[in-house]
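The lines below spell out each chain.
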Amino acid sequence: MAAEAGAVAALDAAEKARGKYAALSFATIAIVVGLPLWWKTTETYRASLPYSEIAELDTLLFQLTVPVTVVFARGVLPADQERKLPLRATQRAEVPLNSKTGVTSRYDVSFRRATSQEETFLSQASAPEAVDALLPVEGMPAGSLTAFVVPQSSPLLPQEVSVYLGKRRSAVLRAPQGTGDTLGAVSAQVQQLAHAMSFSPESIAEALADRVPIGQPGAEWKRPFKSSLGYEITFSLLNPDPKSHDVHWDIEGAVRRYVQPLLDKLGSVAEFSVDSQILYYAMLGVTPRFDAASSSFVLSAHSLPHVINPVEARLGSSAASLYPVLNFLLYVPERLYSPLHIKGKDGAAVPTNAFHSPRWGGIMVYNVEPEAANETTLPRRVDVDMVHVMGVFLAQLRLLLGISPGPLPAGALQGGPGGEGLSDWELDRLLWARTVENVATVSTTLTSLAQLLGKISNIVIKDDVASEVYRAVDAAREAMRQLERGHLDAAFRASKAAVTSSERAFFDPSLLHLLYFPDDQKFAIYIPLFLPMAVPILLSLAKILRESRQSRKAPVKVD
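Just so you know, these numbers come straight off a predicted model, no measurement behind them.

Quick notes on the packing of aromatic side chains
And step 1. In this structure the tally under the stated criterion is 11 aromatic pairs.
And step 2. Here Phe328 and Phe393 contribute two aromatic rings whose centre-to-centre distance is 5.5 Å and whose plane-to-plane angle is 50 degrees, an arrangement assigned as tilted. Linking Phe328 in strand S12 (residues 325-331) with Phe393 in helix H9 (residues 386-401), this pair joins segments that are 65 residues apart in sequence.
And step 3. Here Phe393 falls in the buried class, since its relative accessible area comes to 2%.
And step 4. Between the aromatic rings of Phe506 and Phe507, the centroid separation amounts to 5.2 Å while the plane-to-plane angle is 80 degrees, which identifies the pairing as edge-to-face.
And step 5. The exposure class assigned to Phe506 is partly exposed, which follows from its relative accessible area of 30%.
And step 6. One aromatic cluster is present, formed by Tyr107, Phe199 and Trp432 through successive ring pairs.

Side note on the sheet that holds strand S14 (residues 354-357)
And step 1. The 5 strands are arranged S9-S7-S12-S15-S14 in an open sheet whose pairing can be described as mixed. Two strands lie at the open edges of the sheet, namely strand S9 (271-280) and S14, each paired on one side alone. Direction aside, neighbouring strands of the sheet carry axes that sit 15 degrees apart on average.
And step 2. For strand S7 (residues 230-239) and S9, the ladder comprises 10 bridges, and the chain directions are parallel. Note on S9: the bridge partner recorded for Leu238 is Leu279.
And step 3. Across the sheet, H9 is in contact with S7, S9, S12, S14 and strand S15 (361-365); its angle to S12 comes to roughly 155 degrees.

Comments concerning the nonpolar core
In globular proteins that are soluble, nonpolar side chains generally tend to be buried together.
And step 1. If you look at the biggest cluster of nonpolar residues, it comprises 121 residues, and the most contacted ones within it are Phe62, Phe72 and Phe235.
And step 2. Setting aside residues no more than four positions away along its own chain, Phe62 makes contact with Gly102, Val103, Thr104, Leu208, Val436, Val439, Met480 and Leu483.
And step 3. Counting 19 residues, the second largest nonpolar core, distinct from the first, contains Ala282, Ile308, Leu329 and Val365.

Points about the packing of helix H7 (residues 251-265) against H9
And step 1. Viewed as axis vectors pointing N to C, H7 and H9 meet at an angle of 35 degrees, and their least axial separation amounts to 10 Å. In this structure, H7 crosses over H9, and the sense of that crossing is right-handed. Where H7 approaches H9, its residues Ile251, Ala254, Tyr258, Val259 and Leu262 are matched on the opposing element by Met386, Val387, Met390, Leu394 and Leu397.
And step 2. Its residues assigned to classes, the contact of H7 with H9 comprises 10 nonpolar, no polar and no charged.

Looking at the packing of helix H11 (residues 463-485) against helix H12 (residues 488-506)
And step 1. Put simply, H11 and H12 touch, their axes get as near as 7 Å, and they point 160 degrees apart. Between H11 and H12, the interaxial angle falls into the category roughly antiparallel. As for how H11 packs across H12, the hand of that crossing is left-handed. Of H12, the residues touching H11 (which contributes Val465, Glu468, Val469, Arg471, Ala472, Ala475, Ala476, Glu478, Ala479, Gln482 and Leu483) are Leu488, Ala490, Ala491, Ala494, Ser495, Ala497, Ala498, Ser501, Ser502, Arg504 and Ala505.
And step 2. In terms of residue class, the contact of H11 with H12 is built from 14 nonpolar, 4 polar and 4 charged.

Some points on the pairing of strand S6 (residues 170-174)
As a general feature of sheets, a regular strand has side chains that alternate between the two faces.
And step 1. Judged by how many residues are buried, S6 sits mostly within the fold: 5 of 5 residues are covered.
And step 2. Side-chain alternation along S6 places Ser170, Val172 and Arg174 on one buried face and Ala171 and Leu173 on a second face that is also buried.
And step 3. Pairing between strand S4 (residues 145-150) and S6: 5 bridges, direction parallel. Within S6, the residue paired with Val149 across the bridge is Leu173.
And step 4. As defined by bridge partners, strand S5 (residues 163-165) adjoins S6 across 3 bridges and the pair is classed as antiparallel.

Points about the pattern of salt bridges
And step 1. Counted under the stated rule, the structure contains 14 salt bridges.
And step 2. Between Glu118 and Arg112 there is a salt bridge; the shortest N-O distance is 3.1 Å.
And step 3. Taking the relative accessible area as the measure of exposure, Glu118 reaches 8% and is therefore buried.
And step 4. A relative accessible area of 26% places Arg112 in the partly exposed class.
And step 5. Put simply, Asp424 and Lys265 hold a salt bridge, and the shortest N to O gap is 2.5 Å. Here Asp424, found in helix H10 (residues 424-455), pairs with Lys265, found in helix H7; they are 159 residues apart in sequence, far enough to count as distant. Here Asp424 matches Lys265 in class, with each residue buried.

Section: H10
And step 1. Spanning 32 residues, H10 covers 46 Å between terminal C-alpha atoms, matching the ideal 46 Å at 1.5 Å per step.
And step 2. H10 sits mainly inside the fold: 25 of its 32 residues count as buried.

With respect to the environment of Trp432
And step 1. For Trp432, the location among the structural elements is in helix H10.
And step 2. Along the backbone, Trp432 and Leu488 are 56 residues apart, and their C-alpha atoms lie at a distance of 7.1 Å.
And step 3. Look past the residues within four positions of Trp432 in its chain and what remains in contact with it is Leu64, Thr65, Val66, Gly143, Ser198, Phe199, Leu483 and Leu488.

Quick notes on unusual backbone geometry
And step 1. Look at the link from Leu85 to Pro86: it is a cis peptide, with omega at -5 degrees.
And step 2. Note that Pro86 resides in the loop between helix H3 (79-82) and strand S2 (87-98).
And step 3. Going from Ser338 to Pro339, the amide bond is cis rather than trans, its omega being -10 degrees.
And step 4. If you trace the backbone, Pro339 turns up in the loop between S12 and strand S13 (340-342).
And step 5. A positive phi angle is found at Tyr281, which is not glycine, with a value near 60 degrees.
And step 6. Of note, Tyr281 is situated in the loop between S9 and strand S10 (289-291).
And step 7. Using a relative accessible area of 48% as the deciding quantity, one classes Tyr281 as partly exposed.
And step 8. Unlike most non-glycine residues, Asn353 shows phi in positive territory, near 55 degrees.
And step 9. Inspection of the secondary structure assignment puts Asn353 in the loop between S13 and S14.

How each quantity is defined
- Residues numbered from 1 in each chain as written.
- Predicted model: local features only at pLDDT ≥ 70, side-chain atom pairs only at ≥ 80, totals over all residues.
- Heavy atoms only, no water.
- Phe/Tyr/Trp six-rings, centres within 6.5 Å; stacked < 30°, edge-to-face > 60°.
- Helix = DSSP H or I, 4+ residues; strand = E, 2+ residues; numbered from the N terminus.
- Buried < 20%, exposed > 50% of the residue type's maximum accessible area, 1.4 Å probe, protein only.
- Pairing = 2+ DSSP bridges.
- Axes fitted to C-alpha atoms, helices over the stretch in contact; angles between N-to-C directions.
- Contact = heavy atoms within 4.5 Å.
- Core = buried A, V, L, I, M, F, W, Y, C linked by side-chain atoms within 4.5 Å.
- Left-handed = near helix turned anticlockwise from the far one by under 90°.
- Nonpolar A, V, L, I, M, F, W, Y, C, P; charged D, E, K, R; others polar.
- Parallel < 35°, antiparallel > 145°, perpendicular 65-115°, else oblique.
- Salt bridge = Lys/Arg side-chain N within 4 Å of Asp/Glu carboxyl O.
- Expected span 1.5 Å × (residues − 1).

Everything listed here is a matter of geometry and, on its own, says nothing about what the molecule does.
Okay, here's the thing in structure tokens:
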């Protein structure tokens, strides 16, 4: 019996030891293998981002380099100064905008004599417009300028004109009078010319207005559309009284002849789409006031802002458009309120009978010719003079896109833009501003994205999103480098690529915070799964710990 009792006791001890080892094995596997595996498989995948490079990009110190060539005709320079040619000089001007943004203007000026061909042309030409044919278009890279300096007695410029700005990237300067340092005087003129034909501190500050607020806009503030990869242009004919007026407009032909050449030249800036529509019974929403002095109806300047909202409700929603919409409205007044004229703040009638709303579009009032005494048939056929109408709309389109010259020097004459509606240097001026604005936009977008992802740790950062961020940073840096080298075309292309990549990253659908469970909800989901398994393991560990403590406290029997 004693032997049997000893065997049973030994068997019980072995069974208890096996239970202890099993409980310890389960606990070890759960803690050493299970918990790390669960943590790894449920963690949020976040690809690495260039946070340090984005932080560096938040500080933008632009250096804009303009290559300028100054060509002196015979007889402009004194002999001692002419012997110094060819000559190179660099002019710099720094404009700090705030602690994180600054602009350094650099003008690399190259002085040289006119070649024999240029000398012959400058001496024989009788009009400054002929200078535009002197240089081939492909010979002048974007962003560069060429200034021809002619003697005081040259018939090329009218007597009252000291500077002529051509439609290419060239200008004609009359030599300064009454100064011994002609080179120094011409250098000062060149800087003024560059402000007008390339960029000025005001145009760059306007491009950076979202990053560097410049205060309350003044009366001259035009507020062009922000830089975008594309724009939609809509021409609308508003006929509120179709029973009286049967209005016909050749909008397709007008767009083809007047608008499309301008848009083709702006093709490197953005994509453009054009459409048109006719809206009947579309009212302005403002009742004109009758002016007895002129026997006409009047829309005053203070009532013009109230015209936009009622009309916009009829234009169709632009919410489905990916790009900003530029609206151009031709309004034919109803018979009851004809003729209708727009008066400015000074009380005088606006010559174009039109106005534009910043970052929206323009409206033109087109009055119908008075009815003849024997005319009784209604509706009257009205054929719109599209030449006059498109001239007004093109001027408004240029303002809305930010196409405007800088401060012109005294006595300056600007040549016509030609059939394309846009001078080469005006396009360059737009590219300077848009490149700077694009880089600033990329900096703001990436900085906001980095801050968002830093604050919310459970958002997944996929590899393709990270790749777009890296591409945006590299392209923005490349744009800055190309601006410093004076390569405007390459800089603008790099800035567009940077904007595209940054927007793809910022608006990627996978970055929506609501797609992912917060940490507290994740634990709430998994605790009901793990708790039934963890309770037996924890109880077994507690029992093993208690028994081990009791065994250490038990007295040792000595036979």
